[in-house]
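# Secondary and tertiary structure notes
In case you want the letters, here they are:
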Amino acid sequence: MKNIIDSLKWRYAVQVFDQEKKLTEAQLDTVLEGARLSPSSYGLQPWKFIVVNNTKIRSKLREAGYGQAKISEASHLVVIAVPRVLDDSTVDEYIQSVADIRGVSIESLDGFSHALKGSVNGRTPQERVEWATRQAYIALGILLATAASERIDAGPMEGFDPKKFDEILELKKIGLESKVIVALGFRSESDVMAHTPKVRFPKEKVVIEIN
């Protein structure tokens, strides 16, 4: 396996993708599996990864993404969305999954379930969405690291109109709202940023040790 530090030094936010190079199904599955395995608060996994394959829809999304070419030109586009509503049913679904996977009874998880519901219900509806959004960004980070480890390029984007994305993808019908998008593929040699040194502050400037 490639050294993760080398992979992170290699990656950058790609601006121009090679339109002739496409991810294989296996490569896409690996990136999505990395995202699926991401950590989340309480393990609730309040996210969905929407892979947009339809070229006409991606063209519409490009317009809603302020004309960013990579939205339509990259090999793949992934929209990370979160639930519009998080409530007891969110916890119930997770608790059922825990019981099924670990082979334990629902009753044995009552205390855990009660604690999770208390945490969820202790937030306003807007705070719950904001909390879910923070979890989605954890998944974004893991997705980017997974892609880099496989030498797959990625271009994460916040520069888009979420409401227009939601409308185009009809996300409201399935109770979701878009938060961040990621173009996946392979960098073009014409991308100036591919040949530009990475800029990061030194360790001494960003790491604080308290002894």
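### Description of empty space enclosed by the protein
Applying the stated criterion to the full structure yields 1 cavity of 30 Å³ or more. Within this model, the largest cavity holds a volume of roughly 40 Å³. What lines the largest cavity is Trp10, Arg11, Tyr12, Leu144, Ala147, Ala148, Ile152, Asp153 and Ala154. Those elements that place two or more of their residues in the lining of the largest cavity are helix H7 (125-149) and strand E3 (153-157).

### A closer look at the packing of helix H2 (residues 25-36) against H7
The N-to-C vectors of H2 and H7 enclose an angle of 145°; their axes lie 8 Å apart at closest approach. Crossing of H2 over H7 shows right-handed handedness. For the pair formed by H2 and H7, the contact residues are Thr30, Val31, Gly34 and Ala35 on the first element and Ala139, Ile142, Leu143, Thr146 and Ala147 on the second. The residue inventory of the contact of H2 with H7, partitioned by class, reads 6 nonpolar, 3 polar and no charged.

### Points about the sheet that holds strand E4 (residues 176-185)
Strand pairing in a sheet relies on backbone hydrogen bonds, with the paired strands running either antiparallel or parallel. In spatial order, the strands read E1-E2-E4-E3; together these 4 strands make up an open sheet with antiparallel pairing. Each edge of the open sheet is held by one strand with a lone partner, namely strand E1 (48-52) and E3. When strand polarity is set aside, the average angle formed by the axes of neighbouring strands in this sheet is 30°. Two elements, E3 and E4, share 5 bridges in a ladder whose sense is antiparallel. Each residue of the ladder has a partner; that of Asp153, found in E4, is Gly185. The sheet strands contacting H7 are E1, strand E2 (76-83), E3 and E4, and the helix crosses E4 at an angle near 10°.

What counts, and where the lines are drawn
Residues numbered from 1 in each chain as written. Predicted model: local features only at pLDDT ≥ 70, side-chain atom pairs only at ≥ 80, totals over all residues. Heavy atoms only, no water. 1 Å grid on protein atoms, 1.4 Å probe; cavity = no way out; pocket = protein on both sides within 12 Å on 5 of 7 lines; lining within 4 Å. Points joined across faces, edges and corners; volume = space filled by probe spheres on them. Helix = DSSP H or I, 4+ residues; strand = E, 2+ residues; numbered from the N terminus. Axes fitted to C-alpha atoms, helices over the stretch in contact; angles between N-to-C directions. Left-handed = near helix turned anticlockwise from the far one by under 90°. Contact = heavy atoms within 4.5 Å. Nonpolar A, V, L, I, M, F, W, Y, C, P; charged D, E, K, R; others polar. Pairing = 2+ DSSP bridges.

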